[in-house]
Amino acid sequence: MPMIELTYPKGAIAPDARPELLEELATKLLAAEKAPDTEFFRSITWVYANEIDAEDLAVGGRPGGEPRFRVQITVPDGALSDRRKGILVDSVNQAVLGAAGLPESEGLRVWTLIREVPDGNWGAAGQQVRYQQLVEAAAAEREGAAATA
């Protein structure tokens, strides 16, 4: 049940680049979690794009400057190893820079925060969701895909 929240100033990402970026972010997160890329897992992988007015971003407490991008990723605790977190941060950085038309040298303008939700602290449909349930759902999805292949 991963979630991504991308916040950026209006105009920093072209409207026609946004849908592809949101799809790419979801794909990269599913891959990092080693979750199957199926309709079920996509349906529980939410990506929010929050465009803010340019004057709502201050750098060093001062308005203006080049656009900055904040990517907040929320995952169940245990879903990502330290190595996979590093890969995810790098791939998200590259995706955002690409969508914004920025060179790799501007990577410091993209900050990625990974928040891990302790087991039992995530809920959906009025029930707690446990990480083990997601692991079992992923295994079932893989078995179902293998059976139909």
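Structure shown above.
None of the values given here were measured: they were computed from a predicted structure.

Visitor: Looking at this model, I keep getting lost on the overall build of the protein. Mind explaining?
Guide: Broken down by element type, the protein carries 4 helices and 8 strands. In the protein, the order of α-helices and β-strands from amino to carboxyl end is β-α-α-β-β-β-β-α-β-β-β-α. Considering only C-alpha atoms, the protein reaches an extent of 50 × 35 × 30 Å along its principal axes. When the 149 residues of the protein are sorted by exposure, 36% land in the buried category. For the protein, contacts bridging at least 24 residues in sequence account for 76% of all contacts bridging at least 6. In the structure as shown, the protein presents an accessible area of about 8,600 Å², 52% of it carried by carbon and sulfur atoms.

Visitor: Help me understand the nonpolar core, please; the structure alone is not making it clear to me.
Guide: A general feature of soluble globular proteins is that nonpolar side chains tend to end up buried together. By size, the foremost hydrophobic cluster in this structure holds 23 residues, and its most contacted members are Leu6, Ile13, Leu21, Phe69, Val71, Ile73 and Val96. Among the secondary structure elements, those contributing two or more residues to this core are strand E1 (3-9), helix H1 (18-33), strand E5 (69-76) and helix H3 (82-100). Per-element accounting of this core gives the leading share, 7 residues, to H3. Residues contacting phenylalanine 69, with those up to four places away along its chain left out, are Thr7, Tyr8, Ala12, Ile13, Val96, Ala100, Leu102, Arg109, Val110 and Trp111. If you look at the next biggest cluster of nonpolar residues, it comprises 10 residues, including Met1, Ala35, Ile44 and Trp122.

Visitor: Explain the environment of glycine 107 to me, please; I cannot follow it from the model alone.
Guide: On the secondary structure map, glycine 107 appears in the loop between H3 and strand E6 (110-117). Distance from glycine 107 to asparagine 93, taken between C-alpha atoms, is 6.7 Å for residues 14 residues apart in sequence. Glycine 107 has contacts with Asn93 and Leu97, leaving out every residue within four places of it along the chain.

The rules behind each value
- Residue numbers run consecutively from 1 along every chain, following the written order of its sequence.
- Selection of residues for local features in this predicted model requires a pLDDT of at least 70, selection of side-chain atom pairs for listing and counting requires 80 or more, and totals for whole chains, interfaces and linings are taken over all residues.
- Side-chain figures throughout are based on the complete set of non-hydrogen atoms in the structure, without hydrogens or water.
- Secondary structure follows DSSP: runs of H or I at least 4 residues long count as helices, runs of E at least 2 residues long count as strands, and numbering of each begins at the N terminus.
- Exposure classes here rest on a 1.4 Å probe applied to the protein chains alone. A residue is buried below 20% of its type maximum, exposed above 50%, and partly exposed in between.
- By definition, residues are in contact when any of their heavy atoms lie within 4.5 Å.
- Each accessible area is a Shrake-Rupley estimate made with a 1.4 Å probe; only the visible protein chains count as cover when residues are assessed.
- Side-chain atoms within 4.5 Å link the members of a nonpolar core, which is a set of buried Ala, Val, Leu, Ile, Met, Phe, Trp, Tyr and Cys residues.

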